[in-house]
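Remarks on the overall topology
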Amino acid sequence: MCRLAAPFAILLLAAGCGGNDREDTGRTVTVERDGTVTVKAREYSYDPDRVVLQGAGALTIRLENDGDLAHNIRLRRDGEEVGGTPSFPGGRTESARVRLAPGTYELLCTVGDHADLGMTGELEVK
Ligand SMILES: [Cu+2]
């Protein structure tokens, strides 16, 4: 029985590792309502790339551009932009304050094809 179970377990592990070829850090940060979240941008990812806001209301997003290129962070819900920072060069930090209803928002960099290259994330408002 054990001789059969071991290869099966290895197969499960291998399957669990596949299926996600998106370049991300996988880090989630939880923020209180009216709080501030600091996100680091570089080519081509956000850290954290998942933010949870505890309750509808205001959120300040502070984007630290640690990259060499210009980046921004924009919020979209159902394809519609609801705010974010302007694009700005590497080495600088910009903040944006947004008011958010409960739901799931997409985070993305709208410079060039950065979003396609991995500069995306998710914001959930509980
Ligand atoms: Cu970018």
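Structure first, text after, so check above.
Here we summarise the structure given alongside this text.

Reading the values: rules and limits
- Residues numbered from 1 in each chain as written.
- Predicted model: local features only at pLDDT ≥ 70, side-chain atom pairs only at ≥ 80, totals over all residues.
- Heavy atoms only, no water.
- Helix = DSSP H or I, 4+ residues; strand = E, 2+ residues; numbered from the N terminus.
- Contact = heavy atoms within 4.5 Å.
- Areas by Shrake-Rupley, 256 points an atom, 1.4 Å probe, with all protein chains shown as cover.
- Salt bridge = Lys/Arg side-chain N within 4 Å of Asp/Glu carboxyl O.
- Pairing = 2+ DSSP bridges.
- Axes fitted to C-alpha atoms, helices over the stretch in contact; angles between N-to-C directions.
- Donors = N, O, S within 2.8 Å, 3.2 Å for Na, K, Ca; no water.
- Tetrahedral: all angles 85-135°; square planar, octahedral: opposite > 155°, others 65-115°.
- Buried < 20%, exposed > 50% of the residue type's maximum accessible area, 1.4 Å probe, protein only.

In terms of regular secondary structure, the protein chain is built from two helices and ten strands. Of the regular secondary structure in the protein chain, the N- to C-terminal order runs α-β-β-β-β-β-β-β-β-β-α-β. Pairs at least 24 residues apart make up 56% of the contacts formed inside the protein chain by residues separated by at least 6 positions. By element, 50% of the accessible surface of the protein chain is carried by carbon and sulfur atoms, the whole surface being about 7300 Å².

The subject of this paragraph is the pattern of salt bridges. Applying the stated criterion across every chain, the model contains nine salt bridges. With a shortest N-O distance of 2.7 Å, Arg27 and Asp47 are connected by a salt bridge. Within this pair, whereas Arg27 is found in the loop between α1 (2–17) and β1 (28–32), its partner Asp47 is found in strand β3 (residues 45–47), the two being separated by 20 residues in sequence. Of the charged contacts in the structure, one is a salt bridge between Lys40 and Glu64, with a shortest N-O distance of 3.4 Å. Taken together, the residues span a long stretch of sequence, with Lys40 in strand β2 (residues 36–42) and Glu64 in strand β5 (residues 57–65) at a distance of 24 residues. Through salt bridges with shared partners, one network takes in Arg50, Glu122, Glu124 and Lys126.

Residues Glu43 and Tyr44 are joined by a peptide bond in cis, for which omega reads -10 degrees. Residue Asp47 is joined to Pro48 through a cis peptide bond whose omega torsion reads 0 degrees. Tracing the backbone shows Pro48 in the loop between β3 and β4 (50–54). Backbone geometry places Asp34, a non-glycine residue, at a positive phi of 70 degrees. Within the secondary structure, Asp34 is located in the loop between β1 and β2. The phi dihedral of Asp78 falls on the positive side, at around 50 degrees, and the residue is not glycine. In this structure, Asp78 sits in the loop between β6 (74–77) and β7 (80–84).

Looking now at the sheet that holds β4. Strands sit in the order β1-β4-β10-β9-β6-β7 across an open sheet of six strands; the sheet is mixed. Because the sheet does not close on itself, it has two edges, and the strands there are β1 and β7. Strand after strand, the sheet turns through a mean of 25 degrees between neighbouring axes, direction not considered. Here strand β9 (residues 103–108) runs beside strand β10 (residues 120–125); their pairing, made up of six bridges, is antiparallel. Pairing of Leu108 across the sheet is with Thr120, part of β10.

Moving on: the coordination of the copper ion. Surrounding the copper ion are the protein donor atoms His71 (ND1), Cys109 (SG), His114 (ND1) and Met119 (SD), at 2.0 to 2.7 Å. Angles of 83 to 136 degrees at the metal separate the four donor atoms of the copper ion, which places the site in the irregular class. Summarised as a motif, the one-chain spacing of the donors to the copper ion is H-x37-C-x4-H-x4-M. With His71 in the loop between β5 and β6 and Cys109 in the loop between β9 and α2 (114–117), this residue pair connects regions lying 38 residues apart in the sequence. The residues His71 and Cys109 share a single accessibility class, namely buried.

None of this, on its own, says anything about what the molecule does.
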